[in-house]
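# Results of the structural survey
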Amino acid sequence: MKEILNLAKLIPQAIAVEGYPFSGKTTFIQQHFSKDTIVVEDHMLMEEKLPEFVASDWSENYEDIIKRQSYFLDIEALRCSKLLSSDKKNKVMDRCIISVCVYLLARIEKHPQKKIILDTFYEKLQTYFENGIIFLPQKIIFMNIPFDKILSRIGNNDRKCEQFFLNRHTFDKISGYYKDILSFYNGDIEYVFGGIENEKF
């Protein structure tokens, strides 16, 4: 993974806000980036209607996983293109390709076809990196929010957060993958700890 990630171009002035679901990314963006800013929304919000194979429950069939992850790579390419085409001073992404990688690794950690899934994913990702179709931002702001705070933000789950994300084991696993990947990210990292002041929902 490190070798592939190092192929990515870093785009100056581009910032991505990363973190666990309900860690306050969108709220942080709304509070800190307003004037002369383009915000590229989360992957799941890029299309008016998600394809059925994405909108439906997670499938453990390895061919379904490969198809799903290929879709997210194409969506990330669309997001990068949208960011680069903007003449706004501030270029902000609600998540970047790192989210796609982290969530895939967490999902398939013990999958019997893990190798073929990752080989297929990394091959396409490498091609997109080498051709500048997908890039990394110059800076990542990581929302380092404790799990109990995230659970309080989820509340009664009106936004229908997937059950996979509502347990401590998943949180610890995803946090570990973030830590690993960010350790060899070559850009700037800023960590936001605790909660977000003046939270808006």
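Our structure is the block above this text.
My aim in this report is to walk through the structure given alongside it, one point at a time. (Residues numbered from 1 in each chain as written. Predicted model: local features only at pLDDT ≥ 70, side-chain atom pairs only at ≥ 80, totals over all residues. Heavy atoms only, no water.)

## A word on the overall build of the protein
Scanning the protein for helices and strands turns up eight helices and five strands. Its C-alpha radius of gyration of 16 Å places the protein within 12% of the 17 Å reference for a compact globule of 201 residues. Considered along the principal axes of its C-alpha atoms, the protein spans approximately 45 × 40 × 35 Å. Contacts spanning at least 24 positions in sequence make up 82% of the contacts within the protein whose residues lie at least 6 apart. (Helix = DSSP H or I, 4+ residues; strand = E, 2+ residues; numbered from the N terminus. Rg over C-alpha atoms; globule rule 2.2 N^0.38 Å. Contact = heavy atoms within 4.5 Å.)

## A look at the packing of helix α5 (residues 97–107) against helix α8 (residues 168–183)
Two elements in contact, α5 and α8, have axes separated by 9 Å at closest approach and are oriented at 130 degrees. With respect to each other, α5 and α8 are oriented oblique. Two packed elements cross with a definite hand, and for α5 against α8 that hand is right-handed. Residues Ile-98, Ser-99, Cys-101, Val-102, Tyr-103, Leu-105 and Ala-106 of α5 lie in contact with α8, whose contacting residues are Lys-173, Ile-174, Tyr-177, Tyr-178, Ile-181 and Leu-182. Grouping the amino acids of the contact of α5 with α8 by side-chain chemistry returns 11 nonpolar, one polar and one charged. (Axes fitted to C-alpha atoms, helices over the stretch in contact; angles between N-to-C directions. Parallel < 35°, antiparallel > 145°, perpendicular 65-115°, else oblique. Left-handed = near helix turned anticlockwise from the far one by under 90°. Nonpolar A, V, L, I, M, F, W, Y, C, P; charged D, E, K, R; others polar.)

## Considerations on the packing of aromatic side chains
How two aromatic rings sit relative to each other is given by the distance of their centres and the angle of their planes. Scanning the model with the defined rule gives 11 aromatic pairs in all. When the ring of Tyr-71 is compared with that of Phe-72, the centres are 5.4 Å apart and the planes differ by 70 degrees; the resulting orientation is edge-to-face. Just as Tyr-71 is buried, Phe-72 falls in that class too. A connected cluster of aromatic rings, assembled from ring pairs, spans Tyr-20, Tyr-103, Phe-147, Phe-164, Phe-165 and Phe-171. Directly above the ring of Trp-58 sits Arg-107, whose terminal nitrogen or CZ lies 4.5 Å from the centroid. Across from the ring centre of Phe-164, 4.3 Å away, lies the NZ or CZ of Arg-107, which sits over that ring. (Phe/Tyr/Trp six-rings, centres within 6.5 Å; stacked < 30°, edge-to-face > 60°. Buried < 20%, exposed > 50% of the residue type's maximum accessible area, 1.4 Å probe, protein only. Lys NZ or Arg CZ within 6 Å of the ring centre and 35° of its normal.)

## Some points on the pattern of salt bridges
Taken as a whole and assessed by the stated rule, the structure comprises 10 salt bridges. Ionic pairing is found between Arg-95 and Asp-42, a salt bridge with its closest N-O pair at 3.3 Å. Separated by 53 residues along the polypeptide, Arg-95 in the loop between β3 (90–94) and α5 and Asp-42 in the loop between β2 (37–40) and α3 (52–55) bring together distant segments of the chain. Both residues of the pair, Arg-95 and Asp-42, count as buried. Asp-74 is paired through a salt bridge with Lys-124; the nearest N and O atoms lie 3.0 Å apart. One end of the pair, Asp-74, is in helix α4 (residues 62–84); the other, Lys-124, is in helix α6 (residues 114–130), with 50 residues separating them in the sequence. With a relative accessible area of 21%, Lys-124 lands in the partly exposed category. Each of Glu-18, Asp-42 and Arg-95 takes part in one network of salt bridges that share partners. (Salt bridge = Lys/Arg side-chain N within 4 Å of Asp/Glu carboxyl O.)

## A few points about the nonpolar core
Grouped together as the largest cluster of nonpolar side chains are 69 residues, with contacts concentrated most on Ile-97, Ile-98, Leu-125 and Ile-134. Among the elements that line this core, the one with the most residues is α5, at nine residues. The contacts of Ile-134, once residues within four sequence positions are left out, are Leu-73, Glu-76, Ala-77, Cys-80, Ile-97, Leu-125, Tyr-128 and Phe-129. (Core = buried A, V, L, I, M, F, W, Y, C linked by side-chain atoms within 4.5 Å.)

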